[in-house]
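Residue strings, one per chain:
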Amino acid sequence: MSSALQQLGLSVADAQYLLATHLHSTILFVFCHGIHTVVFFVALYYANRQQSILIAIITFLWCSQTVVVGLNWKAIDECFITHGLSLDMELAFYQSGAMPGGISSDILHVVTVVFADIILIWRCWVWYGRNWIVVAALALCLVTETIVSGFILSGSNLYASVGIFHVNWNLVSYAVAMLTNTFYTFLVLVRILRITGIRASLATYRGMTELFVESAALYSVAYAVLLGIYAYEYYSPNASPVIAMYHYPKAVASSITGIAPTLIVACIMANDSWARAHVKSLRFESGVGPGPQTQTRRTVDLEENSSVWYNEPGSGSGDSIASRGVRPRTLLPHGRF
């Protein structure tokens, strides 16, 4: 009976490389999930009841990612502990398709991507003043990405031929995901820079952070790196005969799928918390001064997060908050469901 090495036509070095990549990428995935957990609990710290839908979505994202991490760790245990008596046994089990949670993990990942992209599309919708035309292309990209992922999950041939072309559907899936994320990043960056100005956005740490978080730039970069490494391994004649290096950026991209939208929601909740506290302090200061007064208040529309200063009707021209040295602050759109 031939060994798994002979059946797959791999050398010992290639088999060791394949299994080591699987082990190390899983450890990397667990580490990145720890970062996701920190961001998730920070978001919960600033949460309030008015953001229940956002809380439900990021909770689902974190729970699904936790389950995927558990399934991957169980697979590592089965491969390297239960079947770890020899390299041939490990490789045979790895290639058998009997690893725990294979299809379940893939389904959870697809659902996580869908919910993460829904949050990103909603943010773009808020930034563009609820303009449905702007986000229609993003929604189309999401539908395309979901269809391609469903095609892969159905067990169809991943390397089918279309005419004279050979199509790798994994590559198509990564390309569509990168297109969706990059398009979202571009739209939000353009909108932020048009509202605040390039100099104002890039001159401060807060402005740079807001650009980085709101645009989900890390999400786009992660999928761009994943696509590049996978395409290099698949098409380059100088690459290793084992396509395995892409598991590292895939582990990072899978975690960032949950981290990016959770980080956006955490910033929304933190800014809403600041806005509520600041409005209370401004109302406490309003109306101070002798004689007839004109009370000046600042109201914050937390759905659009636009700051509005107005003078309440009254006689006289008493001191306003602005004249007493309280400087108005421009707030960027936050929004919530």
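Residues numbered from 1 in each chain as written. Predicted model: local features only at pLDDT ≥ 70, side-chain atom pairs only at ≥ 80, totals over all residues. Heavy atoms only, no water.

Caption draft 1: Spatial organisation of the overall build of the protein. Secondary structure assignment for the protein yields eleven helices and four strands. For the protein, the residues scored as buried account for 42% of the 337 residues in total. Here the analysis covers contacts within the protein between residues at least 6 apart in sequence; of these, 73% occur between residues at least 24 apart. Here the protein has roughly 17100 Å² of accessible surface; of this, 66% comes from carbon and sulfur atoms. (Helix = DSSP H or I, 4+ residues; strand = E, 2+ residues; numbered from the N terminus. Buried < 20%, exposed > 50% of the residue type's maximum accessible area, 1.4 Å probe, protein only. Contact = heavy atoms within 4.5 Å. Areas by Shrake-Rupley, 256 points an atom, 1.4 Å probe, with all protein chains shown as cover.)

Caption draft 2: Examining the confidence of the model for the protein more closely. On average, residues of the protein score 76 in pLDDT, and 74% of them reach the 70 mark or higher. Summarising per-element confidence for the protein, the mean pLDDT is lowest in strand β4 (residues 306–311) (33) and highest in helix α2 (residues 12–45) (92). Counting interchain partners and residues more than four positions distant, the pLDDT-below-50 stretch residues 288–337 has 120 contacts. (pLDDT = per-residue confidence, 0-100.)

Caption draft 3: Up close: the environment of Phe60. Here Phe60 is to be found in helix α3 (residues 52–82). Among the residues examined, Phe60 registers a relative accessible area of 31% and is labelled partly exposed. Phe60 sits 52 residues away from Thr112 along the chain, and the two C-alpha atoms are 8.1 Å apart. Beyond its immediate stretch of four places on either side in the chain, Phe60 contacts Val111 and Phe115.

Caption draft 4: Region of the structure containing the pattern of salt bridges. Within this structure, the stated rule accounts for two salt bridges. A salt bridge links Glu78 to Lys74; the shortest N-O distance between them is 3.5 Å. On the criterion of helical spacing, the pair formed by Glu78 and Lys74 is a turn pair, its members being four residues apart in helix α3. A salt bridge links Arg123 to Glu214; the nearest nitrogen and oxygen atoms lie 3.0 Å apart. You can see Arg123 sitting in helix α5 (residues 102–127) and its partner Glu214 sitting in helix α9 (residues 205–214), a full 91 residues away along the chain. (Salt bridge = Lys/Arg side-chain N within 4 Å of Asp/Glu carboxyl O.)

Caption draft 5: The arrangement of unusual backbone geometry in detail. For Arg130, which is not glycine, the phi torsion reads 60 degrees and is therefore positive. Locating Arg130 in the fold gives a position in the loop between α5 and α6 (132–153). Among the residues examined, Arg130 registers a relative accessible area of 23% and is labelled partly exposed. Even without a glycine there, the phi angle at Ala216 is positive, about 50 degrees.

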